[in-house]
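One-letter residues, chain by chain:
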Amino acid sequence: MSEKRRAEIEAKRAKLAELRKARADRQKAEAERRASEGSGSSVVRRDVDDLVSALIGGTSSRVDSAADSPASSVPGTPSIGQSSLPGPSALSLSGRLSRQSDVTSDTRLSLGTTLIHSQNGATENVIEREMTPRVMPDLIDIEQELFELPQKERVIYNKEVQTMEIETEQPAAVSEEEIRERILREREAAEAERIAHEKALEAESKQLDEEIAQEIREMTEEEKLSIFSAPEFLDFVEQSTKIIQRALNDNYDYIRDYTVGAESGPEASEGRIKCVCAFYDERHTKNRSITDIDWSPKYPELSCASYNKNPAALNEPDGIVAVWNLHLLERPEFVFHSQSDVLSVTFSPFHSNLIFGGTYSGQILLWDTRSKHLPVLKTPLSAAGHTHPVYAMQMVGTQNAHNLITSSTDGTVCSWLVDMLAQPQETLELVHAGHNKTSEVAITALSFPDNETTTFWVGTEEGNVYQANRYDRAGAKAGLNSYDVYKGHSGPVMGVHFHPSVGPVDFSDLFLTCAVDWTVKLWRAKSLAKPSTTVTQIAPLYSFDEADDYVYDVKWHPTHPALFGTVDGTGKFDIWNLNHDTEVPVVSTTVGSGRALNKMRWERKDGRRAAVGGSDGRLYIYDVGDMALPRESEWTDMQRTVANMTSGGGGGGGVHTNGVGDDYGRLVAGR
């Protein structure tokens, strides 16, 4: 017990010594700082004092030495003498005339003084010298004893000393009772000494605690509150907790033993997909639905989702955009606010920090991950931009010349510069003269083919798909091409997506559409070199009718030529592989609780992951595994599949729909 207490006291002593040393260092640094401030004036003062002492000391020493040493000590050196002529003819030591030398020269003459006589101004000089005998000191011999040597002790041995008897005391007999009493007294003394030692240690410990408490001053509540509310402290806590949560959410086994053969876990393989995670935040995404999804072009672990308003929380922003991290599952990496429901969102492919959003009010917002929750730029609520909901947007162009293309349900298509959202660079009104009540074309979906910046295709509320041009070009004017009508859907088109131009075969003229008529259709875009001059209805190549509810989104896979995914109102996420089967999807899974799914998006890089989200406010991430890896023969197989679809459709005049035939068009109308 005492050893433990002493160890505690030693630790307290060491801590107190460190605190005192720190205080001494601070005091020393303060003293050095003050000394450095006053060193300038002290150095100047010291230099002045040294100069004055040098001048005064040097003069006095020279005067003393001149007065003490006789002039005759230097042979041939004339000294002060008495002139034979009265008056001021006597010369002083310095060669100047001295009137007082006539009277006082007699008293200053000594042996060895040289006299200089001058008669009538003649140059005859008589020099008399007297030699002074040298005084020899008398030496005296003195004897004095400086110290005394100790006398040598004499030891005399005689008979009496050698035969002296020494009396010895016989030990008295000690009884058993006395021994017991003595032992008891020793025990009591040891116990008392131990208690006193412990009390001394306790007192020393208390004293050390008091001294440490004096050295360490407890902060007041005001000081604590000022620290806790400082922006720097809050930013530090926010960033550090994110880092800790990323490390905790990482599924890597840090104690894995590589010397033992482990069984392979359930990995996603051909024909099977796995849900990696479901992003949800009770604070931000409760009672909200996902309206759009996108993946970061630079960081494959980042994805973003846009949300509509929470009707149960009036004080929260109507729309938000959450950026989620696969290594941070409990909360979003960033949360951005909007004054209106955010209906579309996209990462800038050329600036990884920028996120664009289209709102229900028609505003285009720009958020920066380096900034706070509010947008850094936004378009004005005026007729110069959009005044209706913006359901579709896409970034087109290159790193040095790119534009954000947005469309709203009033048929307006705007082109924006990224750094200037005050007004659109271009505005295009899509109108159709053949419409009954209004000429506007209500745009619900928009898509540009790969490597195309001027021509795009739009899906409309009436169910038709149209081609449009941003600028005038050969044989076509800017605006909507009302002659070529891609007619096949019997309800509003919810999604349009062109095939990515990857691989040895170019399928970029193929595009998919989905609609609320429960179908997904495959189209071939008409060549721009042969524009129509009369109204021409273009039929789809194929119709996929497996869904049992509205099909809200469809997307081609970024690397596999025959793979695409769809989401519908029953909560199903379907993956189709046209090279394997065109009748049913190769994978069909019900996501979450089975509520409607609104959007899906493949990962940009290799498409191994897919993000889906819907009305439950959760963003689900699925890993499709080896299904995303295309074989070399996939492109030739896709060519064969498309050729079969074209021939099966009766030369393009009808549509081949899962073996049902051309009568499907009449069946859909009664659904």
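Numbers given to residues run from 1 along each chain, matching the order in which its sequence is written. The model is predicted, so local features are restricted to residues of pLDDT at least 70 and side-chain atom pairs to those at 80 or more, both for listing and for counting; the totals for chains, interfaces and linings are taken over all residues. Note that the side-chain values use all heavy atoms of the structure and ignore hydrogens as well as water.

## Digging into the nonpolar core
For the purposes of this section, nonpolar cores are sets of buried Ala, Val, Leu, Ile, Met, Phe, Trp, Tyr and Cys residues that join through side-chain atoms within 4.5 Å. Burial status follows relative accessibility: with a 1.4 Å probe on protein chains alone, a residue under 20% of its type maximum counts as buried, one over 50% as exposed, and anything between as partly exposed. Ranked by internal contacts, the top residues of the largest apolar core, which has 22 residues, are L512, V520, L522, F544, F564, L578 and M638. The helix count covers DSSP runs of H or I at least four residues long, the strand count covers runs of E at least two residues long, and both are numbered beginning at the N terminus. Contributing elements (two or more residues each) for this core: strand 19 (510-515), strand 20 (520-524), strand 22 (542-544), strand 23 (551-556) and helix 7 (634-648). Ranked by residues supplied to this core, first place goes to helix 7 with four residues. Filtering out sequence-adjacent residues up to four positions away, L578 remains in contact with F544, W556, A562, F564, M638, T641 and M645. Core analysis: the second largest hydrophobic core is formed by 17 residues, L563, I575, V591 and A628 among them. Should any heavy atoms of two residues lie within 4.5 Å, those residues are considered in contact.

## Some thoughts on the packing of aromatic side chains
Ring geometry is summarised as follows: Phe, Tyr and Trp rings, the Trp one being its six-membered ring, pair when their centres sit within 6.5 Å, and such pairs are stacked at plane angles under 30 degrees, edge-to-face over 60 and tilted between the two. With the rule as written, the count across this model stands at 19 aromatic pairs. Between the aromatic rings of F334 and F336, the centroid separation amounts to 6.2 Å while the plane-to-plane angle is 15°, which identifies the pairing as stacked. F334 gets classed as partly exposed once you look at its relative accessible area, which sits at 24%. For F336, a relative accessible area of 1% corresponds to the buried category. With a centroid separation of 6.0 Å and 25° between ring planes, the pair formed by F336 and W367 is classed as stacked. Linking F336 in strand 5 (residues 334-338) with W367 in strand 8 (residues 364-368), this pair joins segments that are 31 residues apart in sequence. Through pairs of rings, three or more aromatic residues link up here, namely W457, Y486, F498, F511 and W523.

## Some words on the environment of G495
Within the element layout of this structure, G495 appears in strand 18 (residues 493-498). Residue G495 is classed as buried on the basis of its relative accessible area of 4%. Put simply, G495 and V554 are 59 residues apart on the chain and 6.1 Å apart in space, counted from C-alpha to C-alpha. Apart from the residues within four sequence positions on either side, G495 is in contact with A445, L512, T513, C514, D553 and V554.

## Looking at the sheet that holds strand 25 (residues 572-577)
By the convention used here, strands pair only if DSSP detects at least 2 bridges between them. Taken in spatial order, the four strands of this open sheet run 23-24-25-26, and their pairing is antiparallel. Strands with a single pairing partner mark the edges of an open sheet, and in this sheet they are strand 23 and strand 26 (587-590). Going from strand to strand, the sheet's axes swing by 15° on average, the running direction of each strand aside. Here strand 24 (residues 563-568) runs beside strand 25; their pairing, made up of five bridges, is antiparallel. Across the sheet, V567 pairs through a bridge with F573, a residue of strand 25. Between N-to-C directions, angles cover 0 to 180 degrees, with each direction set by a line fitted to C-alpha atoms, over the stretch in contact for helices.

## What to know about the state of the cysteines
Each disulfide consists of one covalent bond between the sulfur atoms belonging to two cysteines. Cysteine sulfur atoms that pair up within 2.5 Å are treated as a disulfide. Summed over the entire model, instances satisfying the criterion amount to zero disulfides. You can see C275 has no disulfide; the closest cysteine sulfur is in C277, sitting 6.8 Å from it. Of the residues examined, C275 reaches a relative accessible area of 37% and is grouped as partly exposed.

## Thoughts on the pairing of strand 25
Judged by how many residues are buried, strand 25 sits mostly within the fold: five of six residues are covered. Turn length for the strand 24-strand 25 hairpin, with the two strands adjacent in sequence and antiparallel, is three residues, and the turn residue G571 shows positive phi of about 85°. Two elements, strand 25 and strand 26, share four bridges in a ladder whose sense is antiparallel. Counted as the bridge partner of I575 is V587 from strand 26.

The analysis is restricted to geometry; functional conclusions fall outside its scope.
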